[in-house]
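Each chain, letter by letter, is given below.
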Amino acid sequence: MKEKDAVDDLVDLLRVKKNLILQGAPGTGKTYAVPEIVTRLCGLTKPGDDRETIMRAYHELKTAKRAVFTTFHPTLDYEHFVEGWQPKPPKEGDPDENEEVEGESGEAFILQDGIFKDIALRAADGVASGRQKLISPEGTNVFFPEGTNVWKVSLEGSGPNELRTDCLANNRIRIGLWWNEAHTVDEVRKLIKERCTGSRPLNAFCNKMKKGDVVVSCYSATHTDAVGIVEGDAEFLPGEDYRGYPLCRKVKWLWKGDPVAIADYMENYSFTLSTVYSITKRFTTNRVLEFMKNRGLLQGKTVEYPPFVLVIDEINRGNISKIFGELITLLEPDKRKRKGVDEGESCRLAYSNDEEFSVPPNLFVIGTMNTADRSIGMLDYALRRRFVFHTLTPKVLEANFARDAFLKVGRLFVEDPEATSPKAERDTLSEEFDPLDVWPGHSYFITKEMPIQQRWRYEIRPLLMEYVRDGVLKPKALEKIRDMDKEFAL
């Protein structure tokens, strides 16, 4: 077993504090360090793993949307980070049936979840990914992979009726054609393309719904009498009296019985009149599992809440108070709250203020901050109290590294670049600056893909000259910079 290293120490700290900022001068490897911290936190890598293994695991987490990377900038605001009204993009054909709507909508704007709210909601619901297992009444194990959608389906109407009895008895769902003429699925697709009456639910039923998705039978606005998994494509019922509902899909009912209130699982949301539409955002697969557990149909663990990570590069380049808004308080570790748990805090957001929002304990935030960037403001005290800070410092690397150049440049900032706690070189560094805030890091001196002469000309020297102009380095440093010009044959 590998011994714990510095990354493990950071991961342990992050598990307790939830929010971490990696700070340091340019080139100290802040962004480079993020994938290893994230994958170690999520249990996908261990001490000693090579970079290829780390990046492959990091890519897997980003693909699964358990890790999200974003960059702050001066124009970013609350509306893009938390939530806000955004212009509704034009779409060809029918609107997206993944929107929970009633009837056709001509609205020009939609309330859009921002980067933070989106990952917070997904973290609160966890990830299915084959970890949660249902056992149906017949004893068959059922898995909900990531990307499984949940659909509300009305079987003729509310309450008892012949169609409902037929569907529950024969393991299927059925919908009508809304007075349109069609006798094959291809003819139905033509109706959808022509946007005839009822094309939205037809599109959802035939095109959007897929095998493996979950269907919830709507018994009333607040109750369901059956939940199942789609097992077949859309088809017409063969050789029988359609009674106005000829379109059919095979369904394996996981549960059916006396009507049960479902509003508590959907934040008091009530079903609308639309025949078929997605309720995935409200009745997530984890909530389906919770519902099933309460019906006595769950085998194994109920819900697992793996880590989700939001990475914010250049976090100090944004207007923190403007971007985070009321979430400043909810970021604190002791304010984190799991849905349905009394501990912790929640609040009403600025736009969707009809429901409480909380930050789950399995959402972690990692920021990076360039301490040399004084063209923008530092973090305000409110956010500073909610993060722990770890400073990355320049260091000598073993392979593909211009060590002599690193030491010469380093001596503009510190007396001994290889010392454990180097002292500032005040002959060339302004008294106003801490060397660890501005000393160019080791990544500037890596020669694997670019020789040191090119790095000096296009990266290191321009940065040093910028420091001289800004008063970070004293004019006396110019002489040493010119000596290095000669050394590197420039």
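Please refer to the structure placed before this passage.
Remember, it's a predicted structure, so these values are computed and weren't measured experimentally.

### Comments concerning the pairing of strand β8 (residues 172-175)
Then comes step 1: Going residue by residue along β8, you find Arg 172 and Arg 174 tucked away on one face and Ile 173 and Ile 175 tucked away on the opposite face as well.
Then comes step 2: In the sheet, β8 pairs with strand β12 (residues 247-261) via four bridges, with the strands oriented antiparallel. Directly across from Ile 173, in β12, lies its bridge partner Arg 249.

### Details of the nonpolar core
Then comes step 1: If you look at the biggest cluster of nonpolar residues, it comprises 31 residues, and the most contacted ones within it are Phe 72, Phe 81, Phe 116, Ile 315 and Phe 324.
Then comes step 2: Mapped onto this core, the elements with two or more residues apiece are α4 (78-81), α5 (115-125), β14 (308-313), α10 (320-324), α11 (327-330) and β17 (363-370).
Then comes step 3: Dropping the residues within four chain positions of it, Phe 81 is found in contact with Phe 72, Gly 114, Ile 115, Phe 116, Lys 117, Leu 310, Ile 312, Ile 323 and Phe 324.
Then comes step 4: Residues Ala 405, Leu 407, Ile 460 and Val 468 belong to the second largest nonpolar core, which totals 29 residues.

### A look at the side chain of Asn 362
Then comes step 1: If you trace the backbone, Asn 362 turns up in the loop between β16 (356-357) and β17.
Then comes step 2: Reaching out from Asn 362, the side chain makes a polar contact with the backbone oxygen of Ala 123 at a distance of 2.9 Å.
Then comes step 3: Non-local contacts of Asn 362, meaning those with residues more than four positions away in its chain, are made with Ala 123, Ala 124, Tyr 305, Pro 306, Pro 307, Phe 308 and Arg 338.

### Regarding the packing of aromatic side chains
Then comes step 1: Evaluated as defined, the whole model comprises 15 aromatic pairs.
Then comes step 2: Aromatic side chains Trp 255 and Phe 291 sit 5.4 Å apart centroid to centroid with 80 degrees between the ring planes, which places their arrangement in the edge-to-face category. A residue pair is termed long-range when its members are at least 10 positions apart, and Trp 255 in strand β12 and Phe 291 in helix α9 (residues 285-294) qualify at 36 residues.
Then comes step 3: Residue Trp 255 is classed as buried on the basis of its relative accessible area, which comes to 11%.
Then comes step 4: Overall, the relative accessible area of 0% leaves Phe 291 in the buried class.
Then comes step 5: Aromatic pair Phe 401 and Phe 406: ring centres 5.4 Å apart, planes at 55 degrees, arrangement tilted.
Then comes step 6: A cation over an aromatic ring shows up here: Arg 295 above the ring of Trp 255, its NZ or CZ 6.0 Å from the ring centre.
Then comes step 7: Directly above the ring of Phe 291 sits Arg 295, whose terminal nitrogen or CZ lies 4.5 Å from the centroid.

### Things to note about the sheet that holds β17
Then comes step 1: Spatially, β2-β14-β17-β1-β18 is the arrangement adopted by the five strands of the open sheet, whose pairing is parallel. One side of each edge strand has no neighbouring strand; the edge strands of this open sheet are β2 (67-71) and β18 (388-391). The sheet shows a mean angle of 20 degrees between the axes of neighbouring strands, direction not considered.
Then comes step 2: Its contacts with the sheet place helix α2 (residues 30-41) against β1 (19-24), β2, β14 and β17, and it is angled at close to 165 degrees to β17.

### Section: α9
Then comes step 1: Burial within α9 is extensive, with seven of its ten residues counted as buried.
Then comes step 2: Residues of α9 that are buried: Thr 285, Asn 286, Arg 287, Val 288, Leu 289, Phe 291 and Met 292.
Then comes step 3: Residue Gly 296 follows α9 closely and has a positive phi angle near 80 degrees.

Here is what the cut-offs are and how they apply
- Residues numbered from 1 in each chain as written.
- Predicted model: local features only at pLDDT ≥ 70, side-chain atom pairs only at ≥ 80, totals over all residues.
- Heavy atoms only, no water.
- Buried < 20%, exposed > 50% of the residue type's maximum accessible area, 1.4 Å probe, protein only.
- Helix = DSSP H or I, 4+ residues; strand = E, 2+ residues; numbered from the N terminus.
- Pairing = 2+ DSSP bridges.
- Core = buried A, V, L, I, M, F, W, Y, C linked by side-chain atoms within 4.5 Å.
- Contact = heavy atoms within 4.5 Å.
- Polar contact = N/O pair within 3.5 Å; in protein donor to acceptor, adjacent residues only side chain to side chain.
- Phe/Tyr/Trp six-rings, centres within 6.5 Å; stacked < 30°, edge-to-face > 60°.
- Lys NZ or Arg CZ within 6 Å of the ring centre and 35° of its normal.
- Axes fitted to C-alpha atoms, helices over the stretch in contact; angles between N-to-C directions.

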